[in-house]
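Examining the three-dimensional arrangement
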Amino acid sequence: MSSMPDTDCSKTTTPTAADTTTTTTTTTEQDYPETMSGNSTYIASVVAAYWFVSISMVYLNKILMSSEEVSINAPLFVTWFQCVVTVLICIFAGVMGQKVNSLPVYSSVAQSEGGSAPSAKSQSFWAQFPKAEYHRSIGMKVLPLSVIFVGMITFNNLCLKWVEVSFYNVARSLTIVFNVFFSYAILGMSSSTKTLMCLAVVIFGFFVGSAGEMNFSLYGSAAGILSSLFVCLNSIFTKKVLPVLDDNHWKLTFYNNCNAVVLFTPLIIMFELPVLSAAADKQLVSGLFWGAMCVAGFFGFSIGIVTVLQIKATSPLSHNISGTAKAAVQSMMAFYIWKNSPTVKGILGIVFVLGGSLLYTLVKMNEGKAKTQAAKAVELRGK
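Just so it is clear, the model here is predicted, and its values are computed rather than measured. (Residues numbered from 1 in each chain as written. Predicted model: local features only at pLDDT ≥ 70, side-chain atom pairs only at ≥ 80, totals over all residues. Heavy atoms only, no water.)

Looking now at helix α10 (residues 287-313). Across its 27 residues, α10 extends 37 Å between first and last C-alpha, which sits within 8% of the 39 Å expected from 1.5 Å per residue. Along α10, the helix axis deviates most sharply at serine 302, where the bend reaches about 30 degrees. Summarising burial for α10: 19 of the 27 residues are buried, a large majority. One side-chain oxygen of the residue at the start of α10 lies 3.3 Å from the amide nitrogen of leucine 288, identifying that residue as serine 286. (Helix = DSSP H or I, 4+ residues; strand = E, 2+ residues; numbered from the N terminus. Expected span 1.5 Å × (residues − 1). Bend = angle between axes of the 7 residues up to and from the residue. Buried < 20%, exposed > 50% of the residue type's maximum accessible area, 1.4 Å probe, protein only. Polar contact = N/O pair within 3.5 Å; in protein donor to acceptor, adjacent residues only side chain to side chain.)

It is worth spelling out the packing of helix α5 (residues 175-185) against helix α7 (residues 218-241) at this point. In contact at an axis separation of 8 Å, α5 and α7 are set at 50 degrees when each is read in the N-to-C sense. What the angle tells us is that α5 and α7 run oblique. Crossing handedness for the pair α5 and α7: right-handed. Where α5 approaches α7, its residues Thr175, Phe178, Asn179 and Phe182 are matched on the opposing element by Ile225, Ser228, Leu229, Val231, Cys232, Leu233 and Ile236. Along the lines of polarity and charge, the residues of the contact of α5 with α7 split into 8 nonpolar, 3 polar and no charged. (Axes fitted to C-alpha atoms, helices over the stretch in contact; angles between N-to-C directions. Parallel < 35°, antiparallel > 145°, perpendicular 65-115°, else oblique. Left-handed = near helix turned anticlockwise from the far one by under 90°. Contact = heavy atoms within 4.5 Å. Nonpolar A, V, L, I, M, F, W, Y, C, P; charged D, E, K, R; others polar.)

This paragraph deals with the pattern of salt bridges. With the rule as written, the count across this model stands at 3 salt bridges. Aspartate 246 is the partner of lysine 251 in a salt bridge, and the nearest nitrogen-oxygen pair spans 2.8 Å. With relative accessibility at 53%, the residue aspartate 246 sits in the exposed group. (Salt bridge = Lys/Arg side-chain N within 4 Å of Asp/Glu carboxyl O.)

Pasting the structure below:
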């Protein structure tokens, strides 16, 4: 799948379950046009678009991962194809960006957090996309991140294949736990008591939700944990690799997916070639199958765009609140749409996981504000 990253967020946001996509990066607070950010109709439409794309992407990928009528039992091939779709969209968007940026009435949209402010010229949606060019030397530098990226989207889709949709958010809830662990293990950064309490709530919710799952899958839960681990590693390595790509997350999306297409190929040959051969005269010649595959690939690319738009139209905190509410609705809808059997422990697990994640976001943002105010105070005393 493509995501961001339902699932894939900014420095002050935490990734939600469905945001793990082929466009997942840590640089989502781009300088998008904000002229309409105060318009309530515009904000509502952006939030609605985020919810629609994110929920639709999860549900459609669930069908592609588990429906024998529509799809095939080849999750690596399905994920590979979505990477191909993302590469093709990047190439098309790059061509459109070149055409738009060659016109005097348009200006490119700044990509990095430290980039210059947009000029007074009119801005086009396409202006943000750079020309999609692959240079082998740069591709090799991005390769370690691409290996992690492949692990992230593979285990994300395997988790979705093996667990119920209602349990999906719980199964992939430990990303913030890994964030705190690696921050301490690698960077030596300690966490506050409030942060650790939030993590305890999430971990408790994970185990309660697992105990309450009617169709519990050990493989699915393990895939969810590994997916959370790779989401965390992806965030760390993305920060290291982005400077190589001029801090441009669309360039990273293109290189990551190009590398992923190559990395997936031997895995597909090793593990899924018999399945593909058996489906050669069935699903592989079905318009419904390829239509669903293309739409899922498009949604995977689109989630990155609507995530950024929601952050810019509201705020990182509002984006997290929206993501948490969306995840809750997504899980509740799954009980009806997918006929998942609800249990008290299962619902409590969802509440604890989503509540703990939201509290974690609030705590980290408040701690960040406190550090900023303290730094300003020290600077003023120095003057």
